[in-house]
Amino acid sequence: MPVEPAPSARADAVFVPGLMKGKVLFVTSGGSGIGLGICLAFARLGAKVAICGRTESKLIEAAESIRRAGAEDVLYAKADVRESDQCHAAVDMVGSKWGKIDVFVNNAAGNFMSLAEDISPNAFKTVVDIDLRGTFHMSKAALPWLREAARVWFRRNHAVHIRHLVLHCDALSRPCGSSQGWYRLPDEDTRCRMV
């Protein structure tokens, strides 16, 4: 490489302190790896952080790390993303406590580092159940709380015409219920699309 890349700056050195204060982040499998890294970055910016996973001891340890990093508040829920009822319980616990979810990250994944010919049908089913079905279960559970965050944001900012920030809002958008993910905000005559 002709030029060595410069080291990355920490999120708290790039963004204004407290940028995420009052914002709610929920990360599946936030107890380790990339998920924990996302949580720590948001915590340094003052967000409320929620995580879920299958191993409670890992969640407890991660929650303490997130708290020490500066999160406004931290919640964890023991949940398996393959189980729809556990997904709804975890997400509803967070939404009920904080009233909304602003940022939702489907981070849970199952991996078998091997050749396809060496993976058993059961191992493949496990990957599909976690990566595909788990993402569906969690997204479906989180959607009402994400919509609530959008409603709060929209009502606070309706007088100022801000577009293309987190939501693409447009009164002339596609009809509600199209395959593009458009929906109508309750009690509003505006259609929005989550990005």
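Please read these numbers as outputs of a predicted model, since none were measured by experiment.

A few points about the UniProt feature "transmembrane region" (unreviewed entry) in the chain
Then, number 1: As annotated in UniProt, the feature "transmembrane region" (unreviewed entry) corresponds to residues 24-45 in the numbering used here.
Then, number 2: The span residues 24-45 is 55% helix and 23% strand, and its two end C-alpha atoms sit 11 Å from each other.

Regarding the nonpolar core
Then, number 1: Ranked by size, the top nonpolar core spans 22 residues in total, and within it F26, V91, V94, I101, F104 and M138 carry the most contacts.
Then, number 2: Listing elements by their share of this core, those giving two or more residues are β1 (24-28), β2 (48-53), β3 (73-78), α4 (84-98) and α5 (121-157).
Then, number 3: With six residues, α5 is the single largest residue contributor to this core.
Then, number 4: Once you skip the residues sitting within four places of it in the chain, V91 turns out to touch F26, I101, F104, M138, A141, A142 and W145.
Then, number 5: Counting residues in hydrophobic clusters, the runner-up holds 17 residues, among them L40, L59, I66 and V74.

Quick notes on the state of the cysteines
Covalent bonding between the sulfur atoms of two cysteines defines a disulfide.
Then, number 1: In this structure the tally under the stated criterion is zero disulfides.
Then, number 2: Unpaired in terms of disulfides, C39 finds its nearest cysteine sulfur in C52, a separation of 9.8 Å.
Then, number 3: By relative accessible area, C39 is classed as buried at 0%.
Then, number 4: This cysteine, C87, is not joined by any disulfide, and C52 carries the nearest cysteine sulfur, 6.9 Å off.

Scoring rules and cut-offs
- Residues numbered from 1 in each chain as written.
- Predicted model: local features only at pLDDT ≥ 70, side-chain atom pairs only at ≥ 80, totals over all residues.
- Heavy atoms only, no water.
- UniProt positions renumbered as here; feature names shortened; annotations may be inferred.
- Helix = DSSP H or I, 4+ residues; strand = E, 2+ residues; numbered from the N terminus.
- Core = buried A, V, L, I, M, F, W, Y, C linked by side-chain atoms within 4.5 Å.
- Buried < 20%, exposed > 50% of the residue type's maximum accessible area, 1.4 Å probe, protein only.
- Contact = heavy atoms within 4.5 Å.
- Disulfide = S-S within 2.5 Å.

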